[in-house]
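Each chain is listed here by its residues.
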Amino acid sequence: MAAPMLRWCYLGRRWVLACIDGGSRHGRGAAIGFTSSRKRGQSSVAQQPLITAQKSRKGEHKWAAVVGLEIHAQISSNSKLFSGSQVHFAAPPNSLVSFFDASLPGTLPVLNRRCVEAAVMTGLALSCRINKKSLFDRKHYFYADLPAGYQITQQRLPIAVNGSLAYSVCAGKKPSQVITKTVRIKQIQLEQDSGKSLHDELRSQTLIDLNRAGVGLLEVVLEPDMSCGEEAATAVRELQLILQALGTSQANMAEGQLRVDANISVHHPGEPLGVRTEVKNLNSARFLAKAIDSEIERQIHELENGREILNETRSFDYKLGCTMPMRDKEGKQDYRFMPEPNLPPLLLYDTASLPPGADPQQVINIDWIRERLPELPSETREKLVQQYGMLPEHSFALLNEVGLLEFFQNVIKETRAEPKKVTSWVLNIFLGFLKQQNLAVNESSQSPRSPARSSFTSGESVGRTDQKQGACCWSASEKCHGPEPSPVTPAALAELLSLLDRKAISSSAAKQVFEELWRSKGKTPSQIVSEKRLELMQDEEALERVCHAVMEEHPQVVMDVKRGNSRAINKLIGLVLKATLSRADPTVIKEILEKKLSS
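Remember, predicted model here, so these are calculated numbers, not experimental data.

Peer 1: What am I meant to see in the environment of Ala397 here?
Peer 2: If you trace the backbone, Ala397 turns up in helix α7 (residues 392-400). Sequence spacing of Ala397 and Arg381 is 16 residues, and the spatial spacing of their C-alpha atoms is 9.7 Å. The contacts of Ala397, once residues within four sequence positions are left out, are Leu404 and Leu427.

Peer 1: Sorry if this is basic, but what is going on with the packing of aromatic side chains here?
Peer 2: Aromatic ring pairs are described here by two measures, namely the spacing of the ring centres and the angle between the planes. Within the structure shown, the criterion is met by 13 aromatic pairs. Between Phe287 and Phe316, the aromatic rings sit 6.1 Å apart at their centres with planes inclined by 50°, giving tilted as the arrangement. With Phe287 in helix α3 (residues 285-304) and Phe316 in strand β16 (residues 312-317), this pair connects stretches of sequence that are 29 residues apart. As far as burial versus exposure is concerned, Phe287 and Phe316 are alike and both buried.

Peer 1: Looking at this structure, how should I read the sheet that holds strand β18 (residues 338-339)?
Peer 2: The pairing of strands in a sheet comes from backbone hydrogen bonds and takes either a parallel or an antiparallel form. Spatially, three strands are ordered β8-β7-β18 in an open sheet, and the strand pairing comes out antiparallel. In this open sheet, the two strands that pair with only one neighbour each are β8 (150-153) and β18. Pairing between strand β7 (residues 137-140) and β8: four bridges, direction antiparallel. Bridge pairing links His140 to Tyr150 in β8.

Peer 1: What's the story with a negative patch on the surface in this structure? I'm lost.
Peer 2: A contiguous patch of negative charge on the surface is contributed by Asp539, Glu540, Glu541, Glu591 and Glu594. Sorting the residues of the negative patch by element identifies α13 (540-553) and α16 (586-598) as the ones contributing at least two each. Mapped onto the elements of the fold, Asp539 is located in the loop between α12 (525-532) and α13.

Peer 1: Could you clarify how one ought to interpret α12 in this entry?
Peer 2: Three or four residues apart is the spacing at which side chains of an α-helix point the same way, because the helix has 3.6 residues per turn. Looking at α12, one finds that the buried residues are Pro525, Ile528 and Val529. Relative to the axis of α12, the buried residues are bounded by an arc of 100° and lie together on one face. Those residues of α12 hidden inside the fold are in contact with α10 (490-501) and α11 (507-519). Looking one or two places after α12, you find Arg533, whose phi comes out positive at around 55°.

Parameters at a glance
Residues numbered from 1 in each chain as written. Predicted model: local features only at pLDDT ≥ 70, side-chain atom pairs only at ≥ 80, totals over all residues. Heavy atoms only, no water. Helix = DSSP H or I, 4+ residues; strand = E, 2+ residues; numbered from the N terminus. Contact = heavy atoms within 4.5 Å. Phe/Tyr/Trp six-rings, centres within 6.5 Å; stacked < 30°, edge-to-face > 60°. Buried < 20%, exposed > 50% of the residue type's maximum accessible area, 1.4 Å probe, protein only. Pairing = 2+ DSSP bridges. Patch = residues over 30% accessible without salt bridge, like charges linked within 9 Å, V, L, I, M, F, W, Y side chains within 5 Å. Areas by Shrake-Rupley, 256 points an atom, 1.4 Å probe, with all protein chains shown as cover. Salt bridge = Lys/Arg side-chain N within 4 Å of Asp/Glu carboxyl O. Lys, Arg positive; Asp, Glu negative; His and termini not counted. Charge placed at Lys NZ, Arg CZ, Asp CG, Glu CD. Arc of directions from axis to C-beta.

Shown next, in the form of structure tokens:
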């Protein structure tokens, strides 16, 4: 399929820049666009609006955008990559710093086994080739939050190479129009994180916190196979789900556990690629999409006006909605890469190459890890579609919201209602209330899925015997961050749907009960139904009298129905429901009304 193209098009009173799928044959082309301004509440990942050009153009000018990503994921590990210091979010500044983290003379790195296993596991899940021999390098640059003056990384021979990541994007206005795309993965490498620079503008000073210095990172390098912000944000979200399912990273972007650098360029189709810029440290999917689309628009505007694109590093100003220059782009020669002299080559084995009598505590078996890979998000979505008959887009929605799939499955276990009805209530009503109130699904879902560590119980360090600082770092206090939990539990929603399924209450009454559940903690749906007297009316004669009274009070609506206005009967149904305080079944009401209207 041809790469999507960017094209100036005239729309109403303005020129716009649209991302057109070059391989499409649907009329004028399927627009997969983006915008720099949208209504509040709209997601830049889910929508496909257009970028507004800054200046009108004569004729059409085709452009192709190229986007590649470098994603840094913090590894879920009790201790750091090369030291025994704990990893703990929001710990007091400089309270988790070892001598090695502070780069004191004479300290040596000791490789963390857990981090290596996490890298292998991630590589296998992304269909990478795992290198049985990988090397560590020093990447030199000078900054206050990097005490050693260099970062230990894997530039020459990384631990995994040549993988792929499949993700799905909307190809039209309807959510059901989903197409699957694949981006190549160049490599996955282990490296150290740096410390944090805390800027105090009031005192005009910068403070350094080294708690994060030395924390293990997975750098996942995606090839430039994407063409707009929506594609990049969707690919990152899919990778985030995979990391969370594996337990290799909690990948919480709000806590800096997943950070993205985007490399962006534009060119005319058939010509060499343009000069690329790098937008650094994007920490949300929404800002990632906005930053990429803004930079694409900026580069095209610069080229259209006869200016050049500089090979530079930029940052995204979310308040202004545009990228800003930071510094000239460094080349490899600026980093002065050299082999890490204090770390030998990292050797991995498979079952065939495992040395006889090798101590399992001292070697890592790739095949052993492969056999223990958990179910991946793509497999989970496929099972949901097959098992419950839901639409593919519904399976995406259940996985994209942290904790929502577990909530859905718990409701299914406790109710006899049809899965389609449960899906509708969870995605439309329950999730809608969550977003309105900025709440989490439940207490256990306030942080991403718990790391799957049960497969790795052999200790965290290759050759490290002192594990005094190896206590679990994901404490209860750490899970308190984020929105409050939902007041509606799976058991409560399951009971409500069971009442609705056996026709003990009407659908409108069920919504009233749900709203009361949201407001009143501790009450069950049955108690609310009893207190509010919302039981379904079983006396059909009494319901007929109510219908007759409503018809007499609204003769004009009755005349509209008899004249062929089929929608008018819905108004009568609503009036009867109001008169019965939503205690009647709309289906029964409609049958009675139709019978009376035809007589």
